[in-house]
Amino acid sequence: MARDPAWCRAAVAMMAITGSGSAPHGSQAHVRLEHVTKRFPGNGRRGAPLTALDDVSLEIDRGEVFGVIGYSGAGKSTLVRMINGLETPTRGRVHVGPHELTALAERARRGVRRDIGMVFQQFNLFRSRTVAGNVAYPLKVAGVARPERDRRVARLLDFVGLLDRAHDHPEQLSGGQKQRVGIARALATEPSLLLADEATSALDPTTTGEVLALLRRVNRELGVTIVIITHELEVIRSIADRVAVLDGGRLVESGSVYEVFAHPRTEAAARFVGTALRDRPPPETLARLRRTHRGRLITVRVRDRAGFQTALAATFLRHQVTAEIVFGGIGELQDRPVGSLTFELTGPPGAVDAALAALRDDGADLVEEDD
Ligand SMILES: Nc1ncnc2c1ncn2[C@@H]1O[C@H](COP(=O)(O)OP(=O)(O)OP(=O)(O)O)[C@@H](O)[C@H]1O
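Conventions we followed
Residues numbered from 1 in each chain as written. Predicted model: local features only at pLDDT ≥ 70, side-chain atom pairs only at ≥ 80, totals over all residues. Helix = DSSP H or I, 4+ residues; strand = E, 2+ residues; numbered from the N terminus. Buried ≥ 20, exposed ≤ 12 C-beta atoms within 10 Å, placed from the backbone. Contact = placed C-beta atoms within 7 Å. Pairing = 2+ DSSP bridges. Near = placed C-beta within 6 Å. Axes fitted to C-alpha atoms, helices over the stretch in contact; angles between N-to-C directions. Parallel < 35°, antiparallel > 145°, perpendicular 65-115°, else oblique. Left-handed = near helix turned anticlockwise from the far one by under 90°. Nonpolar A, V, L, I, M, F, W, Y, C, P; charged D, E, K, R; others polar. Domains from an automatic or database assignment. pLDDT = per-residue confidence, 0-100.

Engineer: Even after reading the chapter, I still don't get the overall build of the protein chain, so can you show me in this structure?
Structural biologist: Across its full length, the protein chain carries 13 helices and 14 strands. Taken along the three principal axes of its C-alpha coordinates, the protein chain extends 80 × 50 × 40 Å. Taking all 371 residues of the protein chain together, 38% fall into the buried category. Of the contacts made within the protein chain by residues no fewer than 6 positions apart, 70% connect residues no fewer than 24 positions apart.

Engineer: I keep staring at the sheet that holds strand E5 (residues 99–100) and nothing clicks. Help me out?
Structural biologist: Pairing between the strands of a sheet comes from backbone hydrogen bonds, and it takes one of two forms, parallel or antiparallel. Pairing in this open sheet of 4 strands is antiparallel, and the strands run E2-E1-E4-E5 from one edge to the other. Across the chains shown, the open sheet's two edge strands, defined by having one partner strand only, are strand E2 (50–61) and E5. For strand E1 (residues 29–40) and E2, the ladder comprises 8 bridges, and the chain directions are antiparallel. Bridging from a neighbouring strand, Ala 29 pairs with Asp 61 of E2.

Engineer: In this structure, what is going on with the pairing of strand E9 (residues 242–247)? I would like to understand it.
Structural biologist: Within a regular strand, the side chains alternate between the two sheet faces. The element E9 is largely enclosed, with a buried count of 6 among its 6 residues. By the alternation rule, side chains of E9 split into Arg 242, Ala 244 and Leu 246 and Val 243, Val 245 and Asp 247, which are all buried. Two elements, strand E3 (residues 65–69) and E9, share 4 bridges in a ladder whose sense is parallel. Bridge pairing links Phe 66 to Arg 242 in E9. Pairing analysis gives 6 bridges linking E9 to strand E10 (residues 250–256), with the strands arranged antiparallel.

Engineer: So what exactly am I meant to see when it comes to the site of the ligand here?
Structural biologist: In the vicinity of the ligand, the contacting residues are Phe 40, Leu 50, Ala 52, Gly 70, Ser 72, Gly 73, Ala 74, Gly 75, Lys 76, Ser 77, Thr 78 and His 231. Among the elements that make up the shell around the ligand, the one with the highest residue count is helix H2 (residues 76–83) (3 residues).

Engineer: Explain the pairing of strand E4 (residues 91–96) to me, please; I cannot follow it from the model alone.
Structural biologist: Pairing of E1 with E4 involves 5 bridges; the strand directions are antiparallel. Residue pairing in the sheet places Glu 34 in a bridge with Arg 93 of E4. Pairing of E4 with E5 involves 2 bridges; the strand directions are antiparallel. Following the sheet pairing, His 95 is matched in E5 by Glu 100.

Engineer: How should I be thinking about helix H4 (residues 131–141) in this particular structure?
Structural biologist: Every α-helix winds through 3.6 residues per turn, so residues three or four apart in the chain are directed the same way. Considered for burial, the residues of H4 that qualify are Val 131, Ala 132, Asn 134, Val 135, Ala 136 and Leu 139. Residues of H4 that are buried in the fold lie against helix H5 (146–159) and helix H6 (175–187). Residue Gly 143 follows H4 closely and has a positive phi angle near 80 degrees.

Engineer: For this particular structure, what's the right way to read the packing of H4 against H5?
Structural biologist: To describe two helices that pack against each other, one gives the angle between their axes and the distance between the axes. The interhelical angle for the contact between H4 and H5, taken along N-to-C directions, is 125 degrees, at an axis separation of 9 Å. Relative to H5, H4 is oriented oblique. When the axes of H4 and H5 are compared, the crossing they make is right-handed. Seen from H4, the contacting residues are Val 131, Ala 132, Val 135, Ala 136, Leu 139 and Lys 140; seen from H5, they are Arg 149, Arg 152, Val 153, Leu 156 and Leu 157. For the contact of H4 with H5, the residue count by class is 8 nonpolar, no polar and 3 charged.

Engineer: Explanation requested: the environment of Thr 189 in the structure shown.
Structural biologist: Mapping Thr 189 onto the fold places it in the loop between H6 and strand E7 (193–197). Taking the C-alpha atoms as reference, Thr 189 lies 37 Å from Arg 336; in sequence the two are 147 residues apart. Those residues in contact with Thr 189 that sit more than four places away from it in its chain are Arg 114, Pro 138, Leu 139 and Ala 142.

Engineer: Looking at this model, I keep getting lost on the domain arrangement of the protein chain. Mind explaining?
Structural biologist: Domain boundaries assigned for the protein chain yield domain 1 (63–75 + 108–276) and domain 2 (278–368). One C-alpha centre belongs to domain 1, the other to domain 2, and the line joining them spans 39 Å. Listed per partner, the contact involves 7 residues of domain 1 and 6 residues of domain 2. Top contributing element to the side of domain 1 that touches domain 2 by residue count: helix H9 (residues 257–262), with 4 residues. The class makeup of the residues in the side of domain 1 that touches domain 2 is 4 nonpolar, 2 polar and 1 charged.

Engineer: When you look at unusual backbone geometry in this model, what are you seeing that I'm missing?
Structural biologist: Note: most peptide bonds trans; most residues except glycine with negative phi. Of note, His 35 is a non-glycine position whose phi angle comes to about 50 degrees, a positive value. In this fold, His 35 is placed in strand E1. One non-glycine residue with positive phi stands out, namely Phe 123, at about 70 degrees. Relative to the helices and strands, Phe 123 is located in the loop between strand E6 (116–120) and H4.

Engineer: Sorry, what's going on with the confidence of the model for the protein chain here?
Structural biologist: Predicted coordinates in regions of low pLDDT should not be interpreted in detail. When pLDDT is averaged along the protein chain, the result is 87; 90% of the residues meet or exceed 70. Low pLDDT (under 50) marks residues 1–26, which in the prediction has 45 contacts with non-local residues, meaning those over four places away or in another chain. Both confidence scores are given for the complex: pTM 0.82, ipTM 0.95.

Written as structure tokens, this is what we have:
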């Protein structure tokens, strides 16, 4: 049964794309890693040393939210420990602000560390101290006098929305509330840099959203640079400006979240981000679509390209191909469109092949979903 190609044109035109630019990059570096390699000695049984980081160079700008993603064992936590000076590289240099960490003695490194807040997956709160006591602890260590300490603690608890829980103990709080205390504590010494290592990995999706919203406020309202380490792509997608992908200790890709997610240049990054964008129908959906649709199935990736969908509809029309959207959708990443549309194509003999050839010539990123 032929359908009116105009239907397709109208549907596609309705989803016309208006792209906008992503956050600019290139201001002042807050953290700089130059050719950092970290080797751990072999444990005797397996023998060979383990390279946790392999010649990693990257710059994190002051005031940005920078994500680091990678599978378990990729080297993410080792990278964090390089930035806060808890590990020293086997080779290479680490700069934080004006300091070259790798050139400093431990005592001086501790001074730099005071300007770095840490947030952990398991919160790491003192169970024996109250919420206020936990937030006050780093101030006590830093020798801040009681009245000032109390003032800062109240301000921080207010900022994270837990002023009314000041006298509770951590076990009386939910996971999300514990992490908010963790964030307040990390901010107590007014650091300019916050390192969040899997800060939401122990939380459910709703609570994750709340904690990410708080981190966004920390970044925007307090101007704190945030480095967020995670294996959860949704975390990067919702909060980061730029992202680096680690794979087997190597930095395989870095750039704006849009560029890395929408146009991964390496196979390793594509494999990692592919799941986040749901660029293809899942196998069970494809099987069902094949059963219920007689025409050719193709999936077209939609990216930030002005006029692309109008051109797509025009190509189908020109070749007398009927194109019905049977699956897909378009979302947003850093305010730019990203998604995919799966079409069922039907038409006169040879017309579908001609239309697909024309689309490929025009640079369309499409996949044939037929067996
Ligand atoms: N102190 C250490 N001694 C020996 N090997 C180590 C040490 N710390 C890390 N490694 C090894 O270095 C590699 C990278 O570890 P790292 O913890 O940085 O990875 P990750 O990406 O943070 O992983 P995960 O998400 O599982 O925490 C792993 O193979 C790990 O076993």
